[in-house]
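Working through the structure, step by step
In case you want the letters, here they are:
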Amino acid sequence: PDVQRRVFECQVALAKELGKPLFMHCREATADLASILERQQPLGVDGVVHCFTGTRKEAETFLGMGLHIGVTGWICDDREGRSAQVSEAVAAVPAGKLMVETDAPYLTPRTIRPNRVRPWRNEPCLLPHVMSKVAQARDQPMEDLATEALATTQEFFNIELT
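To start, this report covers the structure provided alongside it. (Residues numbered from 1 in each chain as written. Predicted model: local features only at pLDDT ≥ 70, side-chain atom pairs only at ≥ 80, totals over all residues. Heavy atoms only, no water.)

Re helix α1 (residues 2-18)
Note the following rule: What counts as a helix is a DSSP run of H or I of at least four residues, what counts as a strand is a run of E of at least two, and both are numbered from the N terminus. Helix span, as expected, comes to 1.5 Å for every residue beyond the first. Type-normalised accessible area, obtained with a 1.4 Å probe on protein chains alone, sets the label of each residue: buried when under 20%, exposed when over 50%, and partly exposed for intermediate values. It is the directions from the helix axis to the C-beta atoms that the arc portrays. Contacts: residue pairs with any heavy atoms within 4.5 Å of one another.
Taking 1.5 Å per residue, 17 residues should reach 24 Å; α1 reaches 24 Å between its end C-alpha atoms and fits that length. When we look at burial in α1, the residues that qualify are Phe-8, Val-12 and Ala-15. For α1, the buried positions fall inside an angular range of 65° around the axis, keeping them on one side. Along α1, exposed side chains directed more than 90 degrees from the buried face belong to Val-3, Arg-6, Cys-10, Glu-17 and Leu-18. The elements touched by buried residues of α1 are β1 (22-25) and α2 (30-39). Two residues or fewer past α1, Gly-19 is found with a positive phi of approximately 70°.

Structure follows, in structure tokens:
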């Protein structure tokens, strides 16, 4: 873990030097990630805590650093309270800071039933399942959420659609 922490600190410093965004996956390491990022403040670059599986408090910690929160099919998984925990967290994420992701080929929304046509593999075409659960958690029409998520993604990645 110490090597991983040191290497990540170097990656953050490099992103700052080059003006590149950070795309971070945090699994059971919120305190370490937050500590490293706090030492690097101000970041001066955009960042996403991708594949977010944490609590509302953890989301608020990252949002307080100006980061975005990325949500995957994990929100569709009712095992061990996963969906409830992520649903509570995404309700606290303001518009403009939320991204909806696939993490393909992993984290297939458990709200679908696999079959020969739709195997147990995640693909971008399954994003509506994730979007539906996120919209439900935020008490927001899915169409509005989709519009917001698209705008956030375009702005973050500097994508212009013509």
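What to know about the packing of aromatic side chains
In this description, a pair of aromatic rings is defined by centroid distance and the angle of the planes. Which entries qualify depends on this criterion: Within 6.5 Å between ring centres, the rings of Phe, Tyr and Trp (the latter by its six-membered ring) count as paired, and their orientation is classed by plane angle as stacked under 30 degrees, edge-to-face over 60, tilted in between.
On inspection of all chains with the given rule, the structure shows two aromatic pairs. Ring centres 6.3 Å apart and planes at 40° place the aromatic pair Phe-23 and Phe-157 in the tilted group. Separated by 134 residues along the polypeptide, Phe-23 in strand β1 and Phe-157 in helix α6 (residues 142-157) bring together distant segments of the chain. A residue is classified by how much of its surface remains accessible, and Phe-23, at 46% relative accessible area, is partly exposed. Judged by centre distance (4.8 Å) and plane angle (75°), the ring pair of Phe-156 and Phe-157 falls under edge-to-face. Using a relative accessible area of 41% as the deciding quantity, one classes Phe-157 as partly exposed. The rings of Phe-23, Phe-156 and Phe-157 are connected pair by pair, giving a single aromatic cluster.

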